[in-house]
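# Topology and contacts: notes
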Amino acid sequence: MHAFPGVVAVGCINEAIDEGDPLKTLESLQLPTAKIRDVDPDHAQHYQDVLYHAKSQKLKDPASKILWLDEIQHAVYEANMDKDKAKQWVTLVVDVNQCLEKEKKNDILSVLKSSVGNTNDVIPECADNYYDALTKAKEQKSGSVSTEGPWLKLTLQEKYDYYYNVDSQESSWVTPKSYLCKESWLMEKEIKAFWRGHKQRMSYVSRRQTFSDHIPSIVKIQSWFRMTTARRNYLSRLQYFRDHKNEIVKIQSLLRASKARDDYKTLVGSENPPLPVIRKFVHLLDQSDLDFQEELEVARLRGEVVTKIRGNQQLEKDLNLMDIKIGLLVKNRITLEDVISHRTKLNKKKGGEMQILNNTDNQGIKSLSKERRKTLETYQQLFYLLQTNPLYLAKLIFQMPQNKSTKFMDTVIFTLYNYASNQREEYLLLKLFKTALEEEVKSKVDQVQDIVTGNPTVIKMVVSFNRGARGQNTLRQLLAPVVKEILDDSSLVINTNPVEVYKSWVNQLETQTGEASNLPYDVTAEQALTYPEVKSKLDASNESLRKVTDKVLNSIISSLDLLPYGLRYIAKVLKNSIHEKFPDATEDELLKIVGNLLYYRYMNPAIVAPDGFDIIDMTAGGQINSDQRRNLGTVAKVLQHAASNKLFEGENEHLASTNNYLSETYQKFRKYFKEACDVPEPEEKFNMDKYTDVVTVSKPVIYISIEEIINTHSLLLEHQDAIAPEKNDLLNELLELLGEVPTVESFLGEGAIDPNDPNKANTLNQLSKTEISLSLTSKYNLGDGEGIDGQSLMIKTKKLIIDVIRNQPGNTLTEILETPSTTQQEMAHATDMESRAIKDSKAPEEMKDGQSMVEDAQLPLEQKKRKIQRNLRTLEQMGHIASKNKYQDILNEIAKDIRNQRIYRKLRKAELAKLQQTLKALNEKAAFYEEQVNYYDTYIKTCLDNLKIKNSRRSIKVDGKGESKGMKRAKPVRYTAAKLHEKGVLLGIDDLQTNQFKNVTFDILSTEDVGIFDVKSKFLGVEMEKVQLNIQDLLEMQYEGVAVMKMFDKVKVNVNLLIYLLNKKFYGK
C-alpha cells in the first residue's frame, strides 16, 4: 500500500507527457508523492521534450508503455545536464564575442580557459594568435550580415534547440516569437576549432623538430623497413600473378584495347597525327566483302528507287489524263473508244511494260567496241562534270525559255542527281540550287518583291523537288494529322463570304417554311452584312476559323525539325542573296520572302488540296466535298495573310475583325522563319570535301534515258558559248570529243529497229525512253602524263604510301623512304599485293581500280618508294605539301581518309535503311495508282456492258490482241459570224453591226490534246491571232453558271451553245 501514491504519481506524469503540456508536466513532477529531485520550474519545456522522447523510445517495446519513477528521474537529470551545457556554451560565446568586440586582447586567454573543461587545451603562448585568428574570422562573418537580432541558438544532442537573448539575457527551449539570430557572432564550434587547430599545428611543429634531430636513425629504420616490405611484397605479388594468370591476360587485353582507343582518338582529334598511329589504322581503308555487298545493294536500290519514281510520275500523268477522258466521256464529249485506248496503255504500264529497260547492254553504246566504249566513257565524264560543277547547269537553266527549262529541270536535272537518293547527290544538288538561285537573284531580280510576285525558276525547282518522293513524307508528317482532323469534323462549316452565307440563310428559311421569302436573292456583300442573322453566322465562322487555324499553325511551328534540310538551306541562301543585293532591305522584308518560300509555295498548296499532294489517304473514286475544300481553303488563306503580314482590307473588309489575330500569328511565323534559316552549310552537314569521291568504294551511278542524254547534249551544244566561253574549258573539250548529237538508232545499235517497220517512228519514240546506267568518272581520274592535276597525283601518292607503311615501320615518312626495305618486308608486301589482286578480281566492275592503279600496285616495295619520292617532289613544287615538316600534310590527308571511311560506312548503312523505306513508300503509292487503274477498268467495263444493252448492233473490239481504233482526227470547221449568230452561239461583236457578220469567219480546229481547240478568225479580211479553247474550262463555266464569255476581247458567245456545237461537230454527239 505504501507504493500506491507513487504509482498514482507515475500515472499523472505519463498522462501529462502524453498531453504535451509543459506546465502540467511540471506540476506532476513536483507532486510530493513522486519524489522527483532537482526539478527547475524555468525549464519545464525541456523536461517535457526529454520525457516525451524517452517515452517514445520506450513505446518501441510492446511490453512496457509507461515511464517509471527511476526513468523519469534519469530524464530529469539528463535535462539538467543539458541546461548546464547550454549555460556553459552561452558563457563561452558571449565572453569571447564581447571580448573581441571590446578589443580586450589581454583577456582572451582567461576567457577561453574559464569556458573550457580541459585548460590544457588552451596554450598561453598562443594567446595573440588566438585573438588574431578569432578577430579575423568574426570580421569575415560580420561582413556578410545585413540585419541581425539578439538571439543565439544551440542544438543539443541534435534534438533540442536552446535559445539565448544576448540583450535581455532571457533563455528559452522554444523558438521565440520575435526570433532573429545574431549572425555576426562566432559560435562554440567555430571558437573551439581555432584553438584546437592551432594546438594541432604546434604539435606538428614539435614532432617535425624531433624528426630533424634524429635524421640518420630514421633513415636507417626506413631503409630496413622498405627492404623488408619490398621483398615481402615482391614474393606476394609473384605468387598472386601465378594464381591469377587468366585474369592478367584479360587485363592486358583491355589495356591494349585502351591503348588502341587512345591511338584512334589521336588519329581523330590530333591536328598532325604521327605516322606510327596512322600505320595502325590503314587497314580500315581495305574494302571487305561486306563493303562490296552493301555497295551493290545500295546501287540496286538506287536504281529501283529512281526507276520507281519516274514510273510513278508517268503513271500519275496518265491517270490524270484518264480522269479528263472519263470526265469528257461522262459529258459525252469523246467516244468510248478513246477511253478504252488509253486504258490499254495504262494496263500495259501497270503490267510492267512501261519501258524497254536495259535491252541494249550488249549492243549500241554499251557494246564491246573500242569506239563505242570511248563514247560511253566521254558521256560518263560529261555528266560527272555537270554533276560536280553546278555553274554549267545553272547557266544552262537561264539560257532556255522558261517552259523548256521547267521540263529540263523536272527530268534531266533530278535524274542527274538520282533524285538526291544519297548524301553525296543531295549535297551536289543543293550546290546547284545555291549557284542557280544566286545567279537568278543577281541577274533577274530588280526589286525585293520580285521573288514574291514573280515565279522564280529555281524556287519552283526547289519546291518541286522537296514535294517529290523525297519530301512528300515530310509534308505528310507535318500536315496529315491536323488536316485529317479538319476533314473528319463533319460539323465544321467555315464560310466567310457574306453573300454565300446570306443565300444559304434564305434557302434555309424557304425550306423550313415552304414559302418564298420576301428577301432579295441577289445582294452585295455590304447589303448581306446588314442582316443580323448573317453577321451572327459570320462571327461563328470566324471563331471556328481562328481555332482551326491555331491547330494548323501549332502543327507547323512545333515541327520545324521535320522541314527538309535542303529547303531550309535554300531559304537561308535566298535570304542572304536578297540581303546582299538589297542591303537596305529590313529583316521583316527578308523574312516575308522566306515565308513566301516555306509556307506559301511549299505548305499552302498541300493544305488547300491535300488529296493532290498525298497528304491524306484517298480511296480510288473518293474525293473531298465542297464544304471540306472551302474549310481548308479559308484556313490556308488566313495563314497566307499571316505569313506575309498582310491584313484584310478592301473586298475582304468584313474579315477585318481578324486583323489583330493576323498580327499575332505573324510574330509566331516570323520567329519560325528566322529559326528555319539557322542551318549549317552542306559541307558541314554532309561532311563533304574535294576528296570525298575518292574515299567511296564505288563510282557514282545515274540512271538516265537515251532521250534525256540526247536532249542534254543538244542543249549544251546550242548554248555552248554562253555556258563555257573559254576555249580551254573542260566542257568544250568533252563536247568536241563527242561530236554531233547522236540519234536514238546510233545509241541502240544496228539491228535494234527493223527498217521496214511501218511504225518505226512510234517504236523509236518508245525506245528513246530506254534507261541506261552511267558510272560517272572524272576525265582526269588518276591518269599519267602531263595532263595530271595536283589532286589526282595526291590521291595516287597516298595509295602508294599506304602500301609502303603497311610493311615497313618507321617514325616519319622520310625515315621509311630513306631506309632500305628488308627481304622479309618485300616478301610480306608481295603477299599483300597478291591478296588484293584476288579480292579485286571478285569486285564488281564499277568498284575496280583503274589500270594505272593496278600497275602501281604490282611494283616492288623499293620501286614504290622511289616513285613516292618523285611524286612528293612534284607535289611540293605545286605547293600542296612541304618537306620541312617531313611531309606531314599528306599523312594528315591519309588520316582524314581513314576517318571519312568510317563515316562513309555509317552513312551507307543509314542510306540503305532510307532507300528501303523510300522504296516501300513508292511501292505503296504505285499500289494506290494500280487500284485507281482497276477502278477505271471496272467503270469502263460497266460502260461497255451498258453500251451492248443499248445497242446490240454496235460492237467494240477490246480484247488484248486488237485494240479499238480511236476517233479520227476531226477536220477544221468553218462558220461565218452570221451563221453562228443564227444558231445562237454568237451573241454579238463589239463595234460591229449585225449586217456585217457575214464578213467575219471562224475556223475551229481540234488539236492533238484531248479537249483543246484552236479558233482562228478573220475580221473584214484581217486575220486575228489564234485563241485556244479548253473543253474543261467551258464545262467549269457551265457548272458555275457563267452563261456568256468573250473571245478575242470583243466576241460574245453563249457558253452552253458553244459546248453543244463542239460536241456535235467534233464528237458526233
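This text goes with the structure placed above it.
Residues numbered from 1 in each chain as written. Predicted model: local features only at pLDDT ≥ 70, side-chain atom pairs only at ≥ 80, totals over all residues. Heavy atoms only, no water.

What follows covers the overall build of the protein. Counting its regular elements, the protein contains 42 helices and 13 strands. Counting every position in the protein, which comprises 1069 residues, the buried fraction comes to 43%. As presented, the protein carries roughly 58600 Å² of accessible surface, and 50% of it is formed by carbon and sulfur atoms. (Helix = DSSP H or I, 4+ residues; strand = E, 2+ residues; numbered from the N terminus. Buried < 20%, exposed > 50% of the residue type's maximum accessible area, 1.4 Å probe, protein only. Areas by Shrake-Rupley, 256 points an atom, 1.4 Å probe, with all protein chains shown as cover.)

All right, on to the pattern of salt bridges then. Taken as a whole and judged by the stated rule, the model has 20 salt bridges. Across the pair glutamate 681 and lysine 572 runs a salt bridge, and its minimum N-O distance is 3.2 Å. Of this pair, glutamate 681 sits in the loop between α26 (659-676) and α27 (682-686) while lysine 572 is found in helix α23 (residues 565-581), placing the two residues 109 residues apart along the sequence. Take lysine 572: its relative accessible area is 18%, and that puts it in the buried class. (Salt bridge = Lys/Arg side-chain N within 4 Å of Asp/Glu carboxyl O.)

The next thing to look at is the pairing of strand β8 (residues 1000-1006). Burial along β8 is one-sided: Val1000, Phe1002, Ile1004 and Ser1006 are buried, and none of Thr1001, Asp1003 and Leu1005, which face the opposite way, are. Pairing analysis gives four bridges linking strand β6 (residues 973-976) to β8, with the strands arranged antiparallel. Considered in β8, the bridge of valine 973 is made with isoleucine 1004. Bridge count for β8 against strand β9 (residues 1012-1019) is seven bridges, and the pairing is antiparallel. (Pairing = 2+ DSSP bridges.)

In this section: α23. The terminal C-alpha atoms of α23 lie 24 Å apart, and with 17 residues this matches the ideal 24 Å at 1.5 Å per residue to within 8%. Within α23, 13 of the 17 residues are buried, which leaves the element mostly enclosed by the surrounding structure. (Expected span 1.5 Å × (residues − 1).)

Right, let's talk about empty space enclosed by the protein for a bit. Empty space left among the atoms is revealed by rolling a probe the size of a water molecule over them. This structure, assessed with the given rule, holds five cavities of 30 Å³ or more. Its volume calculated, the second largest cavity comes out at about 100 Å³. As for the second largest cavity, its lining consists of Leu980, Val985, Leu986, Phe1002, Ile1004, Val1015, Leu1029, Met1047, Val1051, Val1053, Leu1058 and Leu1061. Secondary structure elements with two or more residues in the lining of the second largest cavity: β8, β13 (1051-1054) and α42 (1055-1067). Tallied by class, residues from the lining of the second largest cavity come to twelve nonpolar, no polar and no charged. (1 Å grid on protein atoms, 1.4 Å probe; cavity = no way out; pocket = protein on both sides within 12 Å on 5 of 7 lines; lining within 4 Å. Points joined across faces, edges and corners; volume = space filled by probe spheres on them. Nonpolar A, V, L, I, M, F, W, Y, C, P; charged D, E, K, R; others polar.)

Here we come to helix α2 (residues 22-29). Among the residues making up α2, those that are buried are Pro22, Thr25, Leu26, Ser28 and Leu29. Down the axis of α2, the buried set is contained in an arc of 165 degrees. They therefore lie on one face. Exposed residues pointing more than 90 degrees away from the buried face of α2 are listed as Leu23 and Glu27. (Arc of directions from axis to C-beta.)

Let us now look at the sheet that holds β13. Strand order across the open sheet formed by three strands is β7-β13-β12, with antiparallel pairing between neighbours. Both edges of this open sheet fall to β7 (986-989) and β12 (1044-1047), since each of them pairs with a single strand only. The sheet shows a mean angle of 25 degrees between the axes of neighbouring strands, direction not considered. Taken together, the three bridges between β7 and β13 define a ladder with antiparallel strand orientation. (Axes fitted to C-alpha atoms, helices over the stretch in contact; angles between N-to-C directions.)

Across the sheet, three strands lie side by side as β1-β2-β3; this open sheet has antiparallel pairing. With one partner strand each, in any of the chains shown, β1 (151-156) and β3 (171-172) form the two edges of the open sheet. For β1 and strand β2 (residues 160-165), the ladder comprises six bridges, and the chain directions are antiparallel. Paired with threonine 155 across the two strands is aspartate 161, which belongs to β2.

What follows deals with unusual backbone geometry. The phi angle at asparagine 645 is positive, at roughly 55 degrees, despite the residue not being glycine. With respect to the helices and strands, asparagine 645 occurs in the loop between α25 (626-643) and α26. The phi dihedral of lysine 886 falls on the positive side, at around 60 degrees, and the residue is not glycine. Within the fold, lysine 886 resides in the loop between α38 (861-878) and α39 (888-950).

Here the focus is the environment of threonine 175. Structurally, threonine 175 can be placed in the loop between β3 and α7 (188-213). According to the relative accessible area criterion, threonine 175 is partly exposed, its value standing at 46%. Taking the C-alpha atoms as reference, threonine 175 lies 7.0 Å from tyrosine 163; in sequence the two are twelve residues apart. Among the polar contacts made by the side chain of threonine 175, one reaches the side chain of tyrosine 163 at a distance of 2.9 Å. (Polar contact = N/O pair within 3.5 Å; in protein donor to acceptor, adjacent residues only side chain to side chain.)

Now for the nonpolar core. Judged by nonpolar contacts, the single largest core of 130 residues is most densely connected at Phe383, Ile578 and Tyr599. Tallying contributions element by element places helix α24 (residues 587-608) first for this core, with eleven residues. Setting aside anything within four residues of it in sequence, one finds tyrosine 599 in contact with Ile556, Asn604, Ile607, Ala636, Leu639, Gln640, Ala643, Phe669 and Phe673. Judged by nonpolar contacts, the second largest core, of 32 residues, contains Ile13, Ile72, Trp89 and Tyr164. (Core = buried A, V, L, I, M, F, W, Y, C linked by side-chain atoms within 4.5 Å. Contact = heavy atoms within 4.5 Å.)

Looking now at the packing of helix α18 (residues 457-467) against α24. Look at α18 against α24: their axes get within 11 Å of each other, and the N-to-C directions meet at 45 degrees. Here α18 is positioned oblique relative to α24, judged by the angle of their axes. When you trace α18 past α24, the crossing you get is right-handed. Contacts from Ile459, Val463, Asn466 and Arg467 in α18 reach Leu597, Arg601, Tyr602 and Pro605 in α24. Residues that form the contact of α18 with α24 fall into these classes: five nonpolar, one polar and two charged. (Parallel < 35°, antiparallel > 145°, perpendicular 65-115°, else oblique. Left-handed = near helix turned anticlockwise from the far one by under 90°.)

Tracing the backbone through its elements, the reader meets asparagine 631 in helix α25. Beyond its immediate stretch of four places on either side in the chain, asparagine 631 contacts Ile486, Leu492, Val493 and Ile494.

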